[in-house]
Structure formats: structure tokens, C-alpha cells
Amino acid sequence: MELFYYVVFGVLTAIVAVFELSKNKNDRTPTSQAFNSFKNNYLVVYSLMMAGDWLQGPYVYFLYTTYGFGKGDIGRLFIAGFGSSMLFGTIVGSLADKQGRKRACITYCITYILSCITKHSPEYKILMIGRILGGIATSLLFSAFESWLVAEHFKRGFETQWLSLTFSKAIFLGNGLVAIISGLFANTLADTLGFGPVSPFDAAACFLAIGMAIIFSTWTENYGDPSESKDLLTQFKGAATAIASDEKIALLGAIQSLFEGSMYTFVFLWTPALSPNEQDIPHGFIFATFMLSSMLGSSLASRLLARQTVKAESYMQIVFLVAAGSFLLPLITTFILEPSTEKGGGITTGGCLQLLGFCVFEACVGIFWPSIMKMRSQYIPEESRSTIMNFFRVPLNIFVCVVLYNVNAFPITVMFGMCAIFLFMASVLQRRLMVVAESHKTKSQDNWVVTKERDTEAEPLNI
């Protein structure tokens, strides 16, 4: 079965290469030199930030086990991280809008570096503090950087369509290529060179420090609403009012929570799904395969977003349905294939089919990120962008904490079935978002025509 992994990885590599090398002028949007310089600067910083995040992933659970903690203690550490993101995320998001997004990005670097430093201590309380800091940092990573980019993009007068180029390339690099390289680099530091499981966290801190230096020296500050008269509570009320009064924003938040909740659940489920009887599977290589699938998705998204006639609101309905179908595979293989009861060994036939399905899901993830970023840039008001984006993460973090707490209470097939239902609901809501957006657009055009006709009638006749 080892050949199977190499075949899947090789085929995905070939497809990604063909997609990237075969882009023609219809797939590329002509831009300016100033924009390219701005985009490349952001991509360097974003890649460094994501490297700081991805380097920690492969060894965080293993590091805790080396300190002698069991599954229950480790589970509570993970819950603390998501709970921290839920509780403090909206606060740091509001501070980013008020005090400046550049400051928030620098705060992310400092907070995550401190979180990395705590990994040197075997004390449970210190590790808990590190998880809390990591949760705060995660909220900033997924709100402050995007908010800074959108505001700075329009402040510099760049075309709206060009924003999609930065989004898709950031996901291709940060969530694809950088993730693969980070996993391999972490493995080299910890195992090949023998520096131990804490060494990837030290490397992450170094990358974060380099990125922070670039932000300090090259980024300018921008704000949401810097008004001195608005305190945090007023900003919270403003963000909540915007979500409640604009159906498009509320739908976007629900779609994001449903998809990301399913995605984070998948992170905890794919290992036991592929090795239900402790089969020997190459976790690192499978992780790299998933990231390659995500790169394929982001490459496809860049082609779709480059075409002005193709709308994210439309094709994302299909993407959510495909993602839901991929999560039904564990259910289907349970019924059509006899489950193996043999302990150990290699991956089973059912596991191979599920792995292919999971690669399809990861490709959907690669399409999702630049597409949801594009829609957020269209519908979320600038003055409270970071606050609203972190509001979206509250139900997501509640969902993930509940799943983590009850991960052993339900069979894996039930969990995947539940996620498939959530993804189907996301598709339905995406359909509703498209209808509402088109309705608002039509009304705006009708109002413009009526106003124009009135102005014409009011003009005096030149006789």
C-alpha cells in the first residue's frame, strides 16, 4: 500500500503543476507594478506568519505526551485554546479596528512568540497559559491581517478585482506550499537532526520575529473606526447591529461557521478514520498530501476569481455539496466493505477510498478560503471588519469545544455524517446569499434608473 501514497501525491503534484503552468491570459488579470510590489510584500509576511503557525502543528500533541500528560489533560489544553479564541477574539478584533490593524498584526507576532516560549516548560499551568495566548493569536491571524490587507488595498486605489489575486495566492502559498515545507522542516529539526519536539516551536518564533520586523519597517497603519468616542461596548453593539440588520452578513457568518466547524472537526477525525485499528499510516506524508490538495483548490479558485462573469456566491454552492459528499465516504465504506478487525498492518481498502475523499475535501478547503475572503471584502463594513470577523468565530469555537469534549461519545461515522449535514446546510445558505445579493443589486440598479429619470425630467428644455 505504500505505493498508493506516492501515486496519490504524484498525481496531485502533476495536476497542480499543469494548472499553474497552463494559465493563459484569460486566467491572469493585468495589474500594475505598484500593486505587484504591494502584493508580494504581503505574501512574504503572510507566508512567514503561516510558517510560524504550521511549524507548531505536527508536534504540539506529541510534545505534551513527552511531558507525561494523558489524553484528558491534553484535551483540556486544546479546549483552553479554542475557548480563549472565543472569549478574547471579539475583544482583540475590536481593538484592531480601533487601535490599528498593523498594531494588531504585531501583537499577533508577540503573543505567538510568547506562546512558543511556554512550550519549554513541563509545568501544566505554564502550558495552559501558552494555549490561551495561542488562542488569542489565532483570532488575530484570521482577522487582523485580512482586515489590514483589504483596507490598505483600497486606500492605495487598486482595482477591486485585484484583491482576489492576493487572496488566492496567499492561500496557495500560506495554506499549501508553506504548510508542506513547514511539516518537512519540523520533522527534520525534531527527528532527523535530533533537536527534540520543542525545536519546531523555536523555529516558529524565529519566523514570526522576521515577519514582525518586516511589518514594522514596511507596513503603514490603517483603522476601522478610530473614533475616540466609541468604546469597546459601542463597537460590539455596532457589529452586532450590522449582522442583525444585514442578511448578507448574517448568512456569510453562518456559512463560515458551518464550514470551518466541519473543517476543524475533520482535523481530529482523519487519523482514527484512516487507522481505526491502529494501522501504520505515514501521518506526515498524508498531511503533505492534504496540503497539496488544498493548493490544487486554491489554484482552481484563482482561475475562477479571475473571471468577472463567475461569482463566488454561485460556484461555492457546488463546492459545499462536493465537500458534504466527501464526508459521506466513511459512512458508505462502512456499509459496502467489511470492516477489518486485524490490529496494525497497512491502510485498508476502505481507508484508501476515504483518503481520496479527504483529498477532495481539502481541495474544497483550498477553494473556500480565497472565495470567502472575497465575499467578506464585499459585504462586511470596513469600520468594524475585524470585530465582525471575530464574531463569526464565536459559534465556530463553541462548536469545536463541544466536539472536543464529546469526541469519544459518538462513532466516527456519526461525526462525519453530522459534518456532511452542516456542509449541506452551508450550500443552502450560500444559495440564499446569492439570491439576496442579486436582489439588492437589482434594487440598487432600479433606484439609480428612477433617480436618473427624475433628474432628466427636472432639466429645463433649451428652446
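Residues numbered from 1 in each chain as written. Predicted model: local features only at pLDDT ≥ 70, side-chain atom pairs only at ≥ 80, totals over all residues. Heavy atoms only, no water.

S.K.: An account of the overall build of the chain is needed here, citing residue identities and associated values.
M.R.: Summing up its helical and strand segments, the chain has 17 helices and zero strands in all. A principal-axis box enclosing the C-alpha atoms of the chain has dimensions of 95 × 50 × 40 Å. Within the chain, contacts between residues at least 6 apart in sequence are counted, and of these 88% link residues at least 24 apart. Roughly 20,900 Å² of accessible area belongs to the chain as shown, and the carbon and sulfur atoms make up 65% of that amount. (Helix = DSSP H or I, 4+ residues; strand = E, 2+ residues; numbered from the N terminus. Contact = heavy atoms within 4.5 Å. Areas by Shrake-Rupley, 256 points an atom, 1.4 Å probe, with all protein chains shown as cover.)

S.K.: Kindly report on the packing of aromatic side chains, identifying the contributing residues and their values.
M.R.: According to the stated counting rule, one finds 35 aromatic pairs in the structure shown. Aromatic side chains Trp270 and Phe290 sit 5.2 Å apart centroid to centroid with 85° between the ring planes, which places their arrangement in the edge-to-face category. Here the residue Trp270 occupies a position in helix H11 (residues 247-274), and Phe290 occupies one in helix H12 (residues 283-306), the gap between them amounting to 20 residues. Note on accessibility: Trp270 and Phe290 belong to one class, buried. These aromatic residues form a ring-pair network of at least three members: Phe142, Phe259, Phe266, Trp270, Phe290, Phe320, Phe327, Phe358, Phe361, Phe368, Trp369 and Phe416. Taking the ring centre of Phe78 as reference, the NZ or CZ of Arg131 above it sits at 4.6 Å. (Phe/Tyr/Trp six-rings, centres within 6.5 Å; stacked < 30°, edge-to-face > 60°. Buried < 20%, exposed > 50% of the residue type's maximum accessible area, 1.4 Å probe, protein only. Lys NZ or Arg CZ within 6 Å of the ring centre and 35° of its normal.)

S.K.: Run through a nonpolar patch on the surface, naming residues and quoting values.
M.R.: A surface patch of nonpolar side chains, about 490 Å² in accessible area, is lined by Leu3, Tyr6, Val7, Val11 and Ile15. Assignment of secondary structure puts Leu3 in helix H1 (residues 2-21). (Patch = residues over 30% accessible without salt bridge, like charges linked within 9 Å, V, L, I, M, F, W, Y side chains within 5 Å. Salt bridge = Lys/Arg side-chain N within 4 Å of Asp/Glu carboxyl O.)

S.K.: I'd like a rundown of the side chain of Thr333, residues and numbers included.
M.R.: Topologically, Thr333 is positioned in helix H14 (residues 329-336). Within the structure, Thr333 has its side chain in polar contact with the backbone oxygen of Pro330 (distance 3.1 Å). Thr333 has contacts with Gly350, Leu353 and Gln354, leaving out every residue within four places of it along the chain. (Polar contact = N/O pair within 3.5 Å; in protein donor to acceptor, adjacent residues only side chain to side chain.)

S.K.: Which residues make up the environment of Glu313, and what values do they have?
M.R.: Examined against the element boundaries, Glu313 turns out to sit in helix H13 (residues 312-326). Residues Glu313 and Phe145, spaced 168 residues apart in sequence, show a C-alpha to C-alpha distance of 23 Å. In contact with Glu313, other than residues within four places in its own chain, are Met375, Gln378, Tyr379, Gln430, Leu433 and Met434.

S.K.: Any chance you could break down helix H3 (residues 57-66) for me, citing the residues and the numbers?
M.R.: For H3, the set of buried residues is Tyr59, Val60, Leu63 and Tyr64. All buried residues of H3 fall inside an arc of 140° around its axis, so they share one side. Contacts from the buried residues of H3 go to helix H4 (71-99), helix H6 (124-141), helix H8 (162-192) and helix H9 (199-218). Count one or two residues on from H3 and you reach Gly68, which has phi positive near 90°. (Arc of directions from axis to C-beta.)

S.K.: Now, about the packing of helix H7 (residues 144-155) against H8: what can you tell me, with residues and values included?
M.R.: It is at 11 Å that the axes of H7 and H8 come closest, and there the two elements cross at 150°. Between H7 and H8, the angle is such that the two are roughly antiparallel. At the point where H7 passes H8, the crossing takes the right-handed sense. When H7 is examined against H8, the residues Glu146, Leu149, Val150, His153 and Phe154 are found in contact with a partner set consisting of Trp162, Leu163, Thr166 and Phe167. Grouping the constituent residues of the contact of H7 with H8 by class yields six nonpolar, two polar and one charged. (Axes fitted to C-alpha atoms, helices over the stretch in contact; angles between N-to-C directions. Parallel < 35°, antiparallel > 145°, perpendicular 65-115°, else oblique. Left-handed = near helix turned anticlockwise from the far one by under 90°. Nonpolar A, V, L, I, M, F, W, Y, C, P; charged D, E, K, R; others polar.)

S.K.: Describe in detail the nonpolar core, supporting the description with residues and values.
M.R.: Formed by 135 residues in total, the largest nonpolar core has its most connected members in Met49, Tyr108, Phe145, Phe290 and Phe361. In terms of residues, this core owes the most to one element, helix H15 (residues 349-379), which gives 14 residues. Aside from chain neighbours lying at most four places away, what touches Phe361 is Phe259, Met263, Phe266, Ala323, Ser326, Phe327 and Leu423. (Core = buried A, V, L, I, M, F, W, Y, C linked by side-chain atoms within 4.5 Å.)

S.K.: Quick one: what's the story with the pattern of salt bridges, residue by residue and with numbers?
M.R.: Summed over the entire model, instances satisfying the criterion amount to eight salt bridges. Among the salt bridges present, the one from Glu152 reaches Arg156, with a minimum N-O distance of 3.1 Å. Owing to a relative accessible area of 2%, Glu152 belongs among the buried residues under this scheme. What makes Arg156 partly exposed here is its relative accessible area of 40%. In this structure, Arg432 engages Glu247 in a salt bridge whose closest nitrogen and oxygen atoms are separated by 2.8 Å.

S.K.: Which residues make up the environment of Ile398, and what values go with them?
M.R.: Its location among the elements puts Ile398 in helix H16 (residues 385-405). In this structure the C-alpha to C-alpha distance between Ile398 and Ile347, which are 51 residues apart in sequence, comes to 33 Å.

S.K.: Tell me what's going on with the state of the cysteines, and back it up with residues and numbers.
M.R.: One pass over the full model with this rule turns up zero disulfides. The cysteine Cys109 is free of any disulfide, with Cys105 supplying the nearest cysteine sulfur at 7.4 Å. (Disulfide = S-S within 2.5 Å.)

S.K.: Describe the environment of Gly68, and please don't skip the residues or the numbers.
M.R.: As for its placement among the helices and strands, Gly68 is situated in the loop between H3 and H4. C-alpha of Gly68 to C-alpha of Pro122: the two residues are 54 residues apart in sequence and 8.6 Å apart in space.

S.K.: Tell me about the side chain of Ser121, residues and numbers included.
M.R.: Structurally, Ser121 can be placed in the loop between helix H5 (101-118) and H6. Judged by its relative accessible area of 17%, Ser121 falls in the buried class. At 3.1 Å, the side chain of Ser121 forms a polar contact with the backbone nitrogen of Glu123.

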